[in-house]
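In case you want the letters, here they are:
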Amino acid sequence: MMAQIGLIGLGTMGAALTLNIAEKGFDIAVYNRTAATTEAFHRTAGDLASKITPTASLRDFVDAIAAPRSIILMVPAGEVVDDQIAALLLLLGPEDLIIDAGNANFNDTRRRAIAAQADGRPFLGIGVSGGEEGARHGPSIMGGGPRAAWDRVAPVLTAIAADFKGTPCATWMGTDGAGHFVKAVHNGIEYADMQMIAETYGVMRDGLGMSAAEIAQVYESWNEGPLRSYLIEISGKVAAATDPKTGTPMLDVILDSAGQKGTGRWTAIEALMLGAPTSAIEAAVGARNLSALRDQRQQGAETFGAAARAIPDADAGGLIDALEQALLAGKIACYAQGFGLLRAASDIYNWDLPMPDVARVWRAGCIIRSDMLDDMASALTQDVTRNMLFAEDFAGRMRSAEASFRRIVALGAQYGIAMPALSAALAYVDTLRTPRGTANMLQGQRDFFGAHGFKRTDIEGDHHGPWAAP
Ligand code: 6PG
């Protein structure tokens, strides 16, 4: 019996995805660089082992799959993908499809897509979100590449994907790097969403002196309201957990220095390149970078004193509800930025991204999944070109949250509780409400020192100021 699909790379994600594919009834061949890993994986596959063909060489692997073949790569992003593609190309036929399902930089995917097109062979880059649990039981899948290639593997991908009220979270986003780009923006939003939650944690811990257990209860209650989402849910669980080694709250022993594999950074870099405002995402990436500078943070506290101070009772009334509203507002602003970036990239790269479907594919399976994404899909369906912030539904939520949003950011400034992402989000909303901005000053300065010229409000054409250099 030939396998219907193949998968290379039996790390955590690859192994979980294989079991998911096998469980959905597909016969799958697997290959890993280390044969022992393949054998060990197969031994632990239980009832699903009969659907899985372990192979010890790339040649055996290719021979085990029915032609035209579909092969998923689940190997570390970067050079390893290029090496694996090169090795496979020596063995594959022109119709065989390679699918990179790792966290590739979309620029690499575009390059690989161009090479594949030149060779006349199909290639897909798909973003897979949801971590190990998602890969095993239903990830969110964002596809990019030729539509016909997607259609070939869509039966497998939709079968293994998460399901939101009967709709599978697996969607073709567009050609070449579209899928990986959408995944990168997902991760950028993930960074900002996580950072803003962490900022509310900071207010509760440092401003209100609350314990991890008390904070956990707040997140649990927020998860019953408009903020209901996977990230709020796990934040509650993280805050509630006890360290088995010391018996103290887990949060209190975790080092305050965040790691990053780079996808959030790629989003911010791309947004800057495209001129798309994503200040909340950029702030979240910056906050992780700052978190890594532990020595400087220590030095800063020694030089100036620790910034955060307790919020006095007089200022603390109703603060938890205000925090919830501020987080809601920040989240809306950050998603509006993410969708704005997707629109900008879609135009530049000619992807014609199906914006409401992007919101839909994120409703389940992925890390940023939440019910609110369903409402975002509706808002984007009403008018895809409008900033989501101005959609009636979200404008309404923003209006009701505004006073709290302002109050929280102001309290942060007053009591030294840093809120890089929330304050960036508020500045974004305020700037978007400022018809007469302050860039006239920038234009004046640019013209003054560089004779760059400016447009006037009253007369057409390019102009210079009266300060012309001698
Ligand atoms: C997902 C996650 C996943 C992962 C990234 C981000 O959608 O399943 O985004 O891709 O957690 O590796 O990790 P960093 O925080 O290390 O950048």
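Residues numbered from 1 in each chain as written. Predicted model: local features only at pLDDT ≥ 70, side-chain atom pairs only at ≥ 80, totals over all residues. Heavy atoms only, no water.

Trainee: Just to check I follow, could you spell out the overall build of the protein for this structure?
Mentor: The helix and strand tally for the protein stands at 21 helices and 10 strands. The C-alpha radius of gyration of the protein comes to 25 Å, within 12% of the 23 Å expected for a compact globule of 470 residues. Projecting the C-alpha coordinates of the protein onto the three principal axes gives extents of approximately 75 × 65 × 45 Å. When burial is assessed residue by residue, the protein has 50% of its 470 residues classed as buried. Carbon and sulfur atoms make up 55% of the accessible area of the protein, which totals about 21,500 Å². Here the protein holds 40 positive side-chain charges and 53 negative ones, and the gap between their average locations is 1 Å. (Helix = DSSP H or I, 4+ residues; strand = E, 2+ residues; numbered from the N terminus. Rg over C-alpha atoms; globule rule 2.2 N^0.38 Å. Buried < 20%, exposed > 50% of the residue type's maximum accessible area, 1.4 Å probe, protein only. Areas by Shrake-Rupley, 256 points an atom, 1.4 Å probe, with all protein chains shown as cover. Lys, Arg positive; Asp, Glu negative; His and termini not counted. Charge placed at Lys NZ, Arg CZ, Asp CG, Glu CD.)

Trainee: It is not clear to me how the packing of helix H16 (residues 319-348) against helix H18 (residues 372-382) should be interpreted in this structure. Could you clarify?
Mentor: The relative placement of two packed helices comes down to the angle between their axes together with the axis-to-axis distance. For the pair H16 and H18, the least separation of the axes is 12 Å and the interaxial angle reads 50°. The angle between H16 and H18 places the two elements in the oblique class. Two packed elements cross with a definite hand, and for H16 against H18 that hand is right-handed. Where H16 approaches H18, its residues Leu328, Lys331, Ile332, Tyr335, Phe339 and Arg343 are matched on the opposing element by Met372, Leu373, Met376 and Leu380. Classifying every residue of the contact of H16 with H18 by side-chain character gives eight nonpolar, no polar and two charged. (Axes fitted to C-alpha atoms, helices over the stretch in contact; angles between N-to-C directions. Parallel < 35°, antiparallel > 145°, perpendicular 65-115°, else oblique. Left-handed = near helix turned anticlockwise from the far one by under 90°. Contact = heavy atoms within 4.5 Å. Nonpolar A, V, L, I, M, F, W, Y, C, P; charged D, E, K, R; others polar.)

Trainee: Whenever I open this one, the domain arrangement of the protein confuses me. Can you help?
Mentor: Size of an interface: often given as the accessible area lost when the parts come together. Here the protein is partitioned into domain 1 (5-176) and domain 2 (187-432). The straight-line distance from the C-alpha centre of domain 1 to that of domain 2 is 32 Å. Each partner contributes residues to the interface: domain 1 has 26 residues there, and domain 2 has 21 residues. For the pairing of domain 1 and domain 2, the buried interface totals around 1,700 Å² over both sides, and the portion due to carbon and sulfur atoms is 63%. For the domain 1 face of the interface with domain 2, the top three residues by lost area are Phe106, Phe164 and Met173, together amounting to 34%. Counting across the domain 1 and domain 2 interface gives zero salt bridges. (Domains from an automatic or database assignment. Buried area = accessible area lost by both parts, 1.4 Å probe. Salt bridge = Lys/Arg side-chain N within 4 Å of Asp/Glu carboxyl O.)

Trainee: Teacher, can you tell me more about the side chain of Asp176 here?
Mentor: Secondary-structure assignment places Asp176 in the loop between strand S10 (170-174) and helix H8 (178-207). By relative accessible area, which is 17% here, Asp176 ends up buried. At 3.3 Å, the side chain of Asp176 and the side chain of Arg110 are in polar contact. A distance of 3.0 Å separates the side chain of Asp176 from the side chain of Trp351, its partner in a polar contact. (Polar contact = N/O pair within 3.5 Å; in protein donor to acceptor, adjacent residues only side chain to side chain.)

Trainee: Help me understand the state of the cysteines in this model?
Mentor: Here is the idea: a disulfide is a covalent bond, and it sits between the sulfur atoms of two cysteines. Summed over the entire model, instances satisfying the criterion amount to zero disulfides. Lacking any disulfide linkage, Cys334 is separated from the closest cysteine sulfur, that of Cys366, by 13 Å. Take Cys334: its relative accessible area is 0%, and that puts it in the buried class. Free cysteine: Cys366, not disulfide-bonded; nearest cysteine sulfur from Cys169 at 7.3 Å. (Disulfide = S-S within 2.5 Å.)

Trainee: Looking at this structure, I do not really get the pattern of salt bridges. What am I missing?
Mentor: A side chain with one charge may pair with a side chain of the opposite charge, provided their charged atoms come close. Counting across every chain of the model gives 27 salt bridges. Residue Arg112 is joined to Asp100 by a salt bridge in which the shortest nitrogen-to-oxygen separation is 3.6 Å. Here Arg112, found in helix H5 (residues 106-119), pairs with Asp100, found in strand S5 (residues 97-100); they are 12 residues apart in sequence, far enough to count as distant. With its nearest N and O atoms 2.6 Å apart, the salt bridge here joins Arg360 to Asp357. Residue Arg360 and its partner Asp357 are located together in helix H17 (residues 355-361), separated by three residues, close to a single helical turn.

Trainee: What am I meant to see in the site of the ligand here?
Mentor: In the region of the ligand, 15 residues are neighbours, and Ser129, Lys183, Glu190, Tyr191 and Arg288 sit closest. Between an oxygen atom of the ligand and a side-chain N or O atom of Asn103, the distance comes to 2.9 Å. With respect to the ligand, the side chain of Tyr191 contributes an N or O atom lying 2.5 Å from an oxygen atom. Coverage of the ligand by the protein chains reaches 81% of its 420 Å² of free accessible surface. When residues in the shell around the ligand are grouped by element, the largest group, five residues, is from H8. Here the shell around the ligand spans two domains, since at least three of its residues come from each of domain 1 (5-176) and domain 2 (187-432). (Near = heavy atom within 4 Å.)

Trainee: Just checking my understanding: could you explain the side chain of Glu190 for this structure?
Mentor: Its location among the elements puts Glu190 in helix H8. In this structure Glu190 is buried but unpaired, with Arg288 as the nearest side chain of opposite charge at 5.2 Å. Not counting chain neighbours up to four residues away, the residues in contact with Glu190 comprise Leu231, Ile367 and Ile368.

Trainee: I would appreciate a short explanation of the packing of aromatic side chains in the present structure.
Mentor: The way to describe two aromatic rings as a pair is by their centre distance and the angle between their planes. With the rule as written, the count across this model stands at 10 aromatic pairs. Relative to Trp351, the ring of Phe106 lies with its centre 5.9 Å away and its plane at 75°, an arrangement referred to as edge-to-face. Residue Phe106 is found in helix H5, and its partner Trp351 is found in the loop between H16 and H17; the two are separated by 245 residues along the sequence. For the residue pair Phe106 and Trp351, the accessibility class agrees, reading buried in each case. Aromatic side chains Tyr219 and Trp222 sit 5.5 Å apart centroid to centroid with 75° between the ring planes, which places their arrangement in the edge-to-face category. Linking Tyr219 with Trp222, this pair stays in helix H9 (residues 212-222), spanning three residues, or about one helical turn. We classify Trp222 as buried; its relative accessible area is 2%. Joined through ring pairs, the aromatic side chains of Phe106, Phe181, Tyr349 and Trp351 make up one cluster. (Phe/Tyr/Trp six-rings, centres within 6.5 Å; stacked < 30°, edge-to-face > 60°.)

Trainee: When you look at the pairing of strand S7 (residues 140-144) in this model, what are you seeing that I'm missing?
Mentor: The two faces of the sheet receive side chains in turn, since in a regular strand these alternate between them. Buried residues dominate S7, accounting for five of its five residues. Burial of S7 is two-sided: the residues Ser140, Met142 and Gly144 facing one way and the residues Ile141 and Gly143 facing the other way are all buried. With four bridges connecting them, S7 and S10 associate as parallel partners. Residue pairing for S10: Gly143 is matched across the bridge by Trp172. (Pairing = 2+ DSSP bridges.)

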